[in-house]
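# Working through the structure, step by step
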Amino acid sequence: MDGLLFRSAEELFTRHATPEAVRAIRAGGPASALWGEIEASGFLEALVPEEAGGAGIGPPEILPVLLAAGRFALPLPIAETMLARAALVATGETPPEGAIALAEPAGEHMARLAPGQPADWVLLPQGETALLLPWDKAEPDTDASSALADLLRWPAGTGRSLACPDLLAAGAWAEVAIMAGAMERILEDTVRHARDRQQFGRPIAAFQAIQQQISVLTEDVFASRMAAQLASVPDGKGIAGLNPTRIATAKLRVGEAAVRVCAIAHAVHGAMGITEELDLHLLTARLQVGRMRFGGEAHWAHWLGRQFLAGDLTETLAFVRAHLGPVAPEATA
Amino acid sequence: MIGALPLAAIPPEDEALRPEIRDFLRETVPVIPPERRARSWMGFDADFSRKLAERGWLGLTFPKEYGGAGRGPFARYVLAEELLASGAPVSAHWIADRQSGPLIHRFGTEEQRRFYLPRICRAEAFFCIGMSEPNTGSDLASVTTRAVRDRDGWRLNGAKIWTTNAHRSHYMIALVRTSGTPQDRHKGLSQVIVDLKAPGVRISPIRDLAGDAHFSEVVFEDVVLPADALIGEESSGWMQVNAELAFERSGPERVLSSAVLLDTWAQWLREAGAHQAAETLLGRLIAHLAVLRAMSIAVTSRLVEGESPVVEAALVKDLGTEFEQLIPTVIADILASPGQVAPGPLMRTLAYTTAMAPSFSLRGGTREILRGMIARGMGLR
Ligand SMILES: Cc1cc2nc3c(=O)[nH]c(=O)nc-3n(C[C@H](O)[C@H](O)[C@H](O)COP(=O)(O)OP(=O)(O)OC[C@H]3O[C@@H](n4cnc5c(N)ncnc54)[C@H](O)[C@@H]3O)c2cc1C
């Protein structure tokens, strides 16, 4: 099943999310053509239950599609829209048409969003509720914005308040999936470059220093993929069964990996990797953005450490088995 | 390129072993101070191994006809996890149970199986592994210890070193040259079982930097071996050794070597109170543990399916030993606040683990060698 979904997502993105299309949208160009294709694929209804007209599939099954989105550095909130639609349906709302970006609160009617990633709506968490805000009513705060985040502000009184908890952890899950996918593509590109690029009369892949670095890169990419899989086990009370303990674990592990992955990939690519022309920076920039969205390593590590100390299980392995195993605890009983 | 590792789970029938094991360990292990439990699979206690044998927990994966329990690798996985996490002293039987027994089962003759496997299951036969030599480390194919045909059997000369438990084991499985010269590399290597009480075997324990003596130098002078000392085919030693190493690289041994330190520190945080930096560090280590465990289980499940995920196993071992080495490093840092006095047992556990941590990425193949294997798997060499 997930092999099938992955292939159809890869096909869709190969055709419509070409590096040129990605660059154009990031530069502020229209996204409606690509978004239309994604909408037509049905992926965006994945997490909405069947009885509410969705596909009713869970996070583990849809993960491959998000990994594929990461591989293409897709500059559209595909995971976020899936989550927002599921969250809105769960509160009895009919989701509005179009792309919904998940935001982090950044002050009164202020939202922090992934840069260069347009949407039609913004869902802005406010504790146990969330504000649904129209994108076209937003004022960008250019002074507070950067290549790491766009800040948008709305006039007071804009938007509707909805009962929608758990969005921050859900947003972190989306980042984990996208980042793990981006890292897989970075690994493939880095291996290919190391075999093609010649210095001292040999491919640089022949040098042991390069081999050892790419081995470390490989380890981090495999660990990140595993972290994303662990985070997708639906044994929690969040949207579509997402579990914050799993997401905390994955977000911090993937964030740590992203640092090493970016450093090694750039080191191996040399000066070529610093150019606008090469696609590498589309992927590494996505990792740097993702690392800072919905909580970084220190945030989630602190959360997880407190979670452990507040619980009854005093052995770390016992805690991992109970909360962070490869399957939901009921299934192993 | 190597494929992604899908999530895999421990089957419920193997998971079902866990409560009984935990009950047993709760009665037997906590009396041992943490600085001794920190020795993990280097802690030797023949009586403890015999107690496990009485429970039927040695040779879990060997067929019943040889005294085993006929269980799969995941049964052993559950047992190993609990033993290592608690810091039980398992070294006496560990190599026989994990490596030598399965090797004899796979490549040995029926007579060899009937002789050795039941003894391993009863904790009456402890094994050691003679691969390294004074001039043979990472370059294992360069071994010079030699067994030559002599009447019905073999005559053995040479020396092994760093042999864990040689001075307290009954048998060694040695990788030796049976034909050709070191220039022939992996051709002409074979594996033989040596009875360590045989005349001409001289064993000298080597003291380690923490004051223990767990490994030895073993010198062979005209040691006479019977014909049935050979395991598997003559000249198949290289292939057999590599099959053996793939199995031992991805297990809980490569994730849990510092588990006693981690849990001792976490327990102290519970009792004495934790500040934000300590809570953050603890969360980070738990996250690493969770991901590594899932990877290790995924690789084990590939082994169960009869595949040979050599590269994936190398990947888990390198990441796992890095984690094991991270634990003492970061705990030392966080305990080094002026004015803070950590309890003696915790500090002694830290001292031991810190001192031995460099060995985690040497034994079983060094970090650099493993990364070379991964690079080959990725098509770089
Ligand atoms: C606690 C402990 C228990 C052990 N128990 C046993 C045992 O029971 N039986 C047994 O046979 N052996 C045992 N060993 C030995 C272990 O297998 C060796 O230490 C290991 O194979 C490395 O060999 P070496 O120590 O000679 O190091 P060397 O091979 O000399 O390596 C030294 C350094 O050079 C690097 N290096 C070597 N070759 C290369 C290369 N081609 N490319 C890049 N770098 C390279 C290594 O990675 C390492 O960093 C044990 C070791 C320890 C620490």
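Residues numbered from 1 in each chain as written. Chains lettered and ligands numbered in written order. Predicted model: local features only at pLDDT ≥ 70, side-chain atom pairs only at ≥ 80, totals over all residues. Heavy atoms only, no water.

## Side note on the sheet that holds strand E2 (residues 104-105) of chain A
For clarity, the threshold we go by: Pairs of strands are assigned from DSSP output, requiring at least two bridges between the strands. Secondary structure elements are defined from DSSP: runs of H or I of at least 4 residues count as helices, runs of E of at least 2 residues count as strands, and each element is numbered from the N terminus.
The four strands lie next to each other as E2-E3-E7-E6 (chain A), forming an open sheet whose pairing is antiparallel. Edge positions in the sheet fall to E2 and strand E6 (139-140) of chain A, since each has one partner strand and no second.

## Regarding the interface of chain A and chain B
This is how it is decided: When checking whether two residues touch, look at their non-hydrogen atoms; a contact exists if any pair is within 4.5 Å. Throughout, buried area stands for the accessible area (probe radius 1.4 Å) lost by two parts on being put together, summed over both. Salt bridge, as used here, is a side-chain nitrogen of Lys or Arg placed within 4 Å of a carboxyl oxygen of Asp or Glu. Between N or O atoms, a polar contact is any pair within 3.5 Å; within protein, one atom must be a potential hydrogen donor and the other a potential acceptor, and residues adjacent in sequence are included only when both atoms are from side chains. In the scheme used here, Gly and all other residues not listed as nonpolar or charged are polar, with Ala, Val, Leu, Ile, Met, Phe, Trp, Tyr, Cys and Pro taken as nonpolar and Asp, Glu, Lys and Arg as charged.
Facing 49 residues of chain A, the contacting portion of chain B comprises 53 residues. Interface area, chain A with chain B, both sides summed: about 4600 Å², of which 68% is carbon and sulfur. The three residues of chain A that bury the most area against chain B are Glu219, Phe222 and Leu317 of chain A, which together make up 15% of that side's buried surface. Notably, a salt bridge pairs Arg260 of chain A with Glu322 of chain B, separated by 3.1 Å at the nearest N-O pair. Counting every contact that joins chain A to chain B gives 15 residue pairs in polar contact (both at pLDDT 80 or more). Elements with a contribution of two residues or more to the side of chain A that touches chain B: helix H6 (167-196), helix H7 (208-231), helix H8 (244-269), helix H10 (297-310), helix H11 (316-323) and helix H12 (329-332) of chain A. Among the elements that line the side of chain A that touches chain B, the one with the most residues is H7 of chain A, at 14 residues. Among the residues making up the side of chain A that touches chain B, the classes are represented as 26 nonpolar, 13 polar and ten charged.

## Here's the deal with unusual backbone geometry
Residues and elements named next belong to chain B. Put simply, the rule reads: Residue burial is assigned from relative accessible area. The probe radius is 1.4 Å, only protein chains are included, and a residue is buried under 20% of its type maximum, exposed over 50%, and partly exposed in between.
The residue Trp162 is not glycine, and still its phi comes out positive at about 65°. Inspection of the secondary structure assignment puts Trp162 in strand E3 (residues 153-164). By relative accessible area, Trp162 is classed as partly exposed at 45%. Backbone geometry places Arg185, a non-glycine residue, at a positive phi of 55°.

## Here's the deal with the sheet that holds strand E8 (residues 160-162) of chain A
All names here are of chain A. Note the following rule: Axis definition: a line fitted to C-alpha atoms, over the contacting stretch in the case of helices. Angles run 0 to 180 degrees between N-to-C directions.
Spatial ordering of the open sheet is given by E1-E4-E5-E8, a layout of four strands whose pairing is mixed. Single-partner strands in this sheet number two, and they are strand E1 (100-102) and E8. Across the sheet, the axes of successive neighbouring strands diverge by a mean angle of 30°, strand direction being ignored. In this sheet, E8 lies alongside strand E5 (residues 129-134) in antiparallel orientation, the contact comprising three bridges. By the bridge assignment for E8, Leu132 is matched with Arg160. This element, helix H5 (residues 78-90), spans E1, strand E4 (121-126) and E8 of the sheet and lies at about 95° to E1.

## Regarding the pairing of strand E4 (residues 171-177) of chain B
All names here are of chain B. In terms of burial, E4 is a largely internal element, seven of the seven residues being buried. Covered by surrounding structure in E4 are Tyr171, Ile173, Leu175 and Arg177 together with Met172, Ala174 and Val176, the residues of both alternating faces. Relative to E4, strand E1 (residues 127-130) runs parallel, the two sharing four bridges. For Gly130, the partnering residue across the bridge sits in E4 and is Ala174. Of the pairings in the sheet, the one linking E4 to strand E5 (residues 189-195) comprises seven bridges and is antiparallel in character. Considered in E5, the bridge of Leu175 is made with Gln191.

## Observations concerning the packing of aromatic side chains
One pair of aromatic rings is described through two measures. These are the centre distance and the angle between the planes. Stated formally: Centres within 6.5 Å are what make two rings of Phe, Tyr or Trp a pair, Trp counting through its six-membered ring; a difference in plane orientation under 30 degrees is then read as stacked, over 60 as edge-to-face, and the rest as tilted. Either the NZ atom of lysine or the CZ atom of arginine qualifies as a charge over a ring when it sits within 6 Å of the ring centre and within 35 degrees of the ring normal.
Within the structure shown, the criterion is met by 13 aromatic pairs over all chains. Centroid distance Phe115 of chain B to Tyr116 of chain B: 4.9 Å. Interplanar angle 85°. Geometry classified as edge-to-face. Among the aromatic side chains, those forming a connected cluster through ring pairs are Phe115, Tyr116, Phe127 and Tyr171 of chain B. It is Arg185 of chain A that lies over the ring of Phe72 of chain A; its NZ or CZ is 5.1 Å from the centre. Between Arg39 of chain B and the ring centre of Tyr352 of chain B, over which it is positioned, the NZ or CZ distance is 4.0 Å.

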